Amino acid sequence: ATAQIGVTGLAVMGRNLARNLARHGFTVAVHNRSPERTRSLIAEHGGEGAFVPSESMADFVASLERPRAVIVMVKAGGPTDAVIDELMPLLEAGDIVVDCGNAHFADTRRREEALRGHGLHFVGTGVSGGEEGALHGPSIMPGGSDESYRKLGPIFERIAAQVEGTPCCRHIGPDGSGHFVKMVHNGIEYADMQLIAEAYDLLRAGLSASPAEIAEIFREWNTGELESFLIEITADVLAHTDAATGRPFVDVVLDQAEQKGTGRWTVQSALDLGIPITAIAEATFARSLSGHADQRAAARRAFTEAGGTFPGVDRETFVEDVRRALLASKIVAYAQGFDHIRAGSREYDWGIDLGGTATIWRGGCIIRARFLDRIRQAYDAEPELPTLLVAPWFADRVGAGVPAWRRVVADAARAGVPTPAFASSLAWFDGLRAERLPAALIQGLRDNFGAHTYHRVDRAGTFHTLWAGDRSEVEA
Ligand code: NDP
């Protein structure tokens, strides 16, 4: 046995992760259900480092040093269970199975418990950055026992993206925590992309600007507080011309956004935990809405009113208004995402360090941004921060952006440009800061039709009004 770590599942992700490990000097056992993938990896990249290829699972396991560390990088769901079932009888107590696929955290909790029963460590690990990240340095979010991290940490921290000398990898917590954090990362990615798309749409409608002109605006934004990978590639995509037609690329792409499900999982989990992640939810629903082509066509036929126009503001003011509204809405989306992680951590007793989580998203992953340093600083300064929104740097940006934010959302509504994520982020903000909410009326209605009781502002206790009787109040 000579390999320090193994990878089974050598499609794009597993192959690149194995190459990344080998390039960093680790001896890597490699295996795939269909041996052609293993052979082509060795034929094309065998010279990049020390690989130990095997065509059977038994040989693969036998080639690993003990305690064995096996990375499973196969299609999430049934295939992951099938591979684990195949591995189990070949492993021994103390060995570590690492699932780097996009598993649902509930599946990871189930698998971790099952393998723990056999004395094995199961490490559900979120990996972000796509195939390029897997090869050149992803953001890695491992969840599992402290003991497993003692073996995996030094390996993963070497192959992860590095930002200012800090690896974009850290032990998130036990069992499903790594996949949970990866899930919320993807949810935030949905919100980030939807907000960018709304900003683009507003600039296009409000300025009658071409995609190429808007690309320049995003390029400019990428030199300031909004600097991020997604803003950078937005400029790239908007500036691109379709070779076949000579038209802007963005105009020849069908406007129906697809999804693989992590946004939906994030929203489902937030509903279970009672955390209003409105920006992520709106972003997920906006993708769904875009896909309902028949309903969209029917609605276009039924409502032919052209919509209003944007007030004739000067270009510079409008661009700056949209930038401020985008930044404020983005802060809301991240504040909600971190609330969600905190709630998950409390519910499942994971002890997740929120500032540390922000640290490992600074590089490697899709939402990588300068901004994330501010999140780390905010939670480092005040770990019990009630919400990111009130941390000084964020509160300053949101506070200063409020008038612009309101103008943009109001103008968009008047002009008939849909901005679900901008608008719901503003509504969330106004809801949080309101002196009084109409939730008092909701409580009154619940008591009226269902005797669900209410609390009073002026005295302790639980009360009910005899709505069908003399309308006197009784203590419940
Ligand atoms: P795929 O999700 O396309 O999965 C293909 C791999 O799974 C192949 O190695 C295939 O083996 C194997 N496989 C499928 N079914 C079985 C089975 N029943 N038993 C054994 N092996 C099986 O590969 P990707 O590389 O795209 O992704 C791998 C994992 O990484 C997935 O969970 C994905 O969600 C996750 N991920 C992907 C990212 C991406 O950008 N693509 C980013 C982050 C995570 P065979 O060759 O024999 O068919």
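None of these values were measured; they are calculated from a predicted model.

Participant: Quick rundown of the site of the ligand? Include the residues and the values.
Facilitator: Close contacts around the ligand come from 19 residues, with Met 13, Asn 32, Ser 34, Arg 37 and Val 74 the closest. Between the ligand and Asn 32, the relevant distance is 2.7 Å, taken from an oxygen atom to a side-chain nitrogen or oxygen of the residue. Here an oxygen atom of the ligand and a backbone polar atom of Ala 76 are 3.4 Å apart. Coverage of the ligand by the protein amounts to 78% of the 900 Å² it exposes when considered alone.

Participant: Lay out the packing of aromatic side chains in plain terms, naming residues and giving numbers.
Facilitator: The tally for this structure, following the rule as stated, stands at 15 aromatic pairs. Ring centres of Phe 371 and Trp 393 lie 6.3 Å apart, and the angle between their planes is 75°; this geometry places the pair in the edge-to-face category. One end of the pair, Phe 371, is in helix α17 (residues 371-381); the other, Trp 393, is in helix α18 (residues 392-415), and 22 residues separate them in sequence. Here Phe 371 and Phe 394 contribute two aromatic rings whose centre-to-centre distance is 5.6 Å and whose plane-to-plane angle is 85°, an arrangement assigned as edge-to-face. One end of the pair, Phe 371, is in helix α17; the other, Phe 394, is in helix α18, and 23 residues separate them in sequence. No difference in accessibility class separates Phe 371 from Phe 394, as the two residues are buried. An aromatic cluster of three or more residues is present, and its members are Phe 105, Phe 180, Tyr 348 and Trp 350. The cationic tip of Lys 330 hangs over the ring face of Phe 371; the distance from NZ or CZ to the ring centre is 4.9 Å.

Participant: Tell me about the UniProt feature "binding site: substrate" (unreviewed entry) in the protein, and name the residues and values.
Facilitator: Feature annotation in UniProt places "binding site: substrate" (unreviewed entry) on Asn 102, Ser 128, Gly 129, Gly 130, His 185, Asn 186, Tyr 190, Lys 260, Arg 287, Arg 446 and His 452, given in this structure's numbering. The greatest C-alpha distance among the annotated residues, which extend across 351 residues, is 49.3 Å, indicating that they are dispersed rather than converging on a single site. Its location among the elements puts Arg 287 in helix α13 (residues 278-291). The exposure class assigned to Arg 287 is buried, which follows from its relative accessible area of 14%. Leave out the neighbours within four places in its chain, and Arg 287 touches Tyr 190, Met 193, Ala 257, Glu 258 and Gln 259. Within polar-contact distance, the side chain of Arg 287 engages the backbone oxygen of Glu 258 at 3.0 Å.

Participant: Kindly report on the nonpolar core, identifying the contributing residues and their values.
Facilitator: Within the largest apolar cluster, 87 residues are counted, with the highest numbers of intra-cluster contacts made by Leu 203, Phe 218, Trp 221, Tyr 334, Trp 361, Ile 375 and Trp 405. Considering each element in turn, this core owes the most residues, 15 residues, to helix α15 (residues 315-348). For Ile 375, the residues in contact, after removing those within four places along its chain, are Tyr 334, Phe 338, Ala 358, Leu 388 and Phe 394.

Reading the values: rules and limits
- Residues numbered from 1 in each chain as written.
- Predicted model: local features only at pLDDT ≥ 70, side-chain atom pairs only at ≥ 80, totals over all residues.
- Heavy atoms only, no water.
- Near = heavy atom within 4 Å.
- Polar contact = N/O pair within 3.5 Å; in protein donor to acceptor, adjacent residues only side chain to side chain.
- Areas by Shrake-Rupley, 256 points an atom, 1.4 Å probe, with all protein chains shown as cover.
- Phe/Tyr/Trp six-rings, centres within 6.5 Å; stacked < 30°, edge-to-face > 60°.
- Helix = DSSP H or I, 4+ residues; strand = E, 2+ residues; numbered from the N terminus.
- Buried < 20%, exposed > 50% of the residue type's maximum accessible area, 1.4 Å probe, protein only.
- Lys NZ or Arg CZ within 6 Å of the ring centre and 35° of its normal.
- UniProt positions renumbered as here; feature names shortened; annotations may be inferred.
- Contact = heavy atoms within 4.5 Å.
- Core = buried A, V, L, I, M, F, W, Y, C linked by side-chain atoms within 4.5 Å.

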